[in-house]
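# Residue-level structural notes
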Amino acid sequence: NELRKDYVEIGNALFMASSSYQKGMKEIVIDGKTITLDERLSLSENAEKYFKLYQKSKVALEKLLEQKELTREKVSYFEKIQTQLKFASVDDILDINAELMNDGYIKQDKKVKYIKNKKKKESEKVYHPQFVNSKDGTKIGFGLSSLQNEYLTFSLANKEDYFLHIKDCHGPHVIIFSSSPSEETILLACEIALFYAEKSVGDVYIAKRKEVKKIPSHLGLVNMNNAKTIYLSSLRESTISLLKNLQKK
């Protein structure tokens, strides 16, 4: 950034230095700063040369920032996959494998067809979200891959059901299949959101499913409107035991 500023300042300074410039000079001193010149160029052409250097550096910086953002997104993506794999069953791994194929990170297996078209028969789908029941019998679902998350939230959940997700972190979509869940059910759903994000403390967003919208071209990522935040300071041992036993099945 400082170098780019210098290019502009040098160009402007050269335009103002005609009184001290002589044709063929290799350098000129302006306000105590020595500026290198191309002796074959006029003073104005040297100034234009510095302006062009500014433009090139500006474009290069923009490309660098773009690549930095792409790299950050890829690192975030694989951190998410790494977390998912820690809890994945064989079926979950198949879904994660399908996601990696769809995203072009691993070669497509021609022997296995992963369904992208929603019009395909339900029996052909390969998504296997997890389900548990709260103490009052309310069903709670959660995904351990982006495909499971998207299928759970946008194919299985009703608009009046509740959607939960840990704040500012990778984690599962959690769906409470009820329009009026009990406090106990909400607490368990929040604990699930934290547990599968490998957290024991944190904030969890909760909103009606109808307030959740897909982000185009970003599988499993969503935007939420009218979401509330629930803070958990710990996970109950009973919930940890429940979820660990679920992994063994």
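Structure shown above.
Described below are features of the structure shown in this document. (Residues numbered from 1 in each chain as written. Predicted model: local features only at pLDDT ≥ 70, side-chain atom pairs only at ≥ 80, totals over all residues. Heavy atoms only, no water.)

## Focus: a nonpolar patch on the surface
Together, F78, Y105 and I106 line one region of the surface with nonpolar side chains, adding up to about 250 Å² of accessible area. Mapped onto the elements, F78 comes out in helix α2 (residues 43-87). Judged by its relative accessible area of 39%, F78 is partly exposed. (Patch = residues over 30% accessible without salt bridge, like charges linked within 9 Å, V, L, I, M, F, W, Y side chains within 5 Å. Areas by Shrake-Rupley, 256 points an atom, 1.4 Å probe, with all protein chains shown as cover. Salt bridge = Lys/Arg side-chain N within 4 Å of Asp/Glu carboxyl O. Helix = DSSP H or I, 4+ residues; strand = E, 2+ residues; numbered from the N terminus. Buried < 20%, exposed > 50% of the residue type's maximum accessible area, 1.4 Å probe, protein only.)

## Some points on the sheet that holds strand β5 (residues 162-166)
The strand order β3-β4-β6-β5-β7-β10 describes an open sheet built from 6 strands, whose pairing is antiparallel. Only two strands of the sheet have a single neighbouring strand rather than two, namely β3 (130-133) and β10 (228-232). On average, each strand axis in the sheet is tilted by 25 degrees relative to the strand beside it, whichever way the strands run. Pairing of β5 with strand β7 (residues 202-208), which is carried by 5 bridges, proceeds in the antiparallel orientation. Looking across to β7, one finds that L164 is bridged to I206. (Pairing = 2+ DSSP bridges. Axes fitted to C-alpha atoms, helices over the stretch in contact; angles between N-to-C directions.)

## Remarks on the packing of α2 against helix α3 (residues 90-102)
Orientation of α2 relative to α3, taken along the N-to-C sense of each, is 165 degrees, at an axis distance of 10 Å. Regarding the angle of α2 to α3, the classification is roughly antiparallel. Taken as a pair, α2 and α3 cross one another with a handedness that is left-handed. Between α2 and α3, the contacting residues are Y77, F78, K80, I81, Q84, L85 and F87 on the first element and D92, I93, I96, E99 and L100 on the second. (Parallel < 35°, antiparallel > 145°, perpendicular 65-115°, else oblique. Left-handed = near helix turned anticlockwise from the far one by under 90°. Contact = heavy atoms within 4.5 Å.)

## Focus on unusual backbone geometry
Leave glycine aside and you will find that most residues have negative phi; peptide bonds, for their part, are mostly trans. Positive phi is not limited to glycine here, since D31 has a value of about 50 degrees. By the element assignment, D31 lies in the loop between β1 (27-30) and β2 (33-36). We note that N226 has phi near 55 degrees; this positive angle belongs to a residue other than glycine. Given a relative accessible area of 64%, N226 falls into the exposed group.

## Remarks on helix α4 (residues 146-156)
Each full turn of the α-helix corresponds to 3.6 residues, which orients residues three or four apart in the same direction. Taking burial as the measure, the 11 residues of α4 include 9 buried ones, the bulk of the element. Buried within α4 are the following residues: S146, L147, Q148, N149, E150, Y151, L152, T153 and F154.

## Notes on the nonpolar core
If you look at the biggest cluster of nonpolar residues, it comprises 25 residues, and the most contacted ones within it are I140, F142, L164, V174, I192, F195 and Y196. Counting only elements with at least two residues in this core, the list comes to β4 (139-142), β5, β6 (174-176), α5 (183-195), β7 and α6 (237-248). Ranked by residues supplied to this core, first place goes to α5 with 7 residues. (Core = buried A, V, L, I, M, F, W, Y, C linked by side-chain atoms within 4.5 Å.)

## A few points about the pattern of salt bridges
This model, assessed by the stated rule, comprises 8 salt bridges. Residues K86 and E198 are paired through a salt bridge, measuring 3.2 Å at the closest nitrogen-oxygen approach. On the criterion of sequence distance, the pair formed by K86 in helix α2 and E198 in the loop between α5 and β7 is long-range, its members being 112 residues apart. Take K86: its relative accessible area is 49%, and that puts it in the partly exposed class. A relative accessible area of 42% places E198 in the partly exposed class. One salt bridge connects R236 with E184, and the closest N-O pair in it is separated by 3.0 Å. Here E184 lies in helix α5 and R236 lies in the loop between β10 and α6, a separation of 52 residues in the sequence. Since its relative accessible area comes to 25%, R236 is described here as partly exposed.

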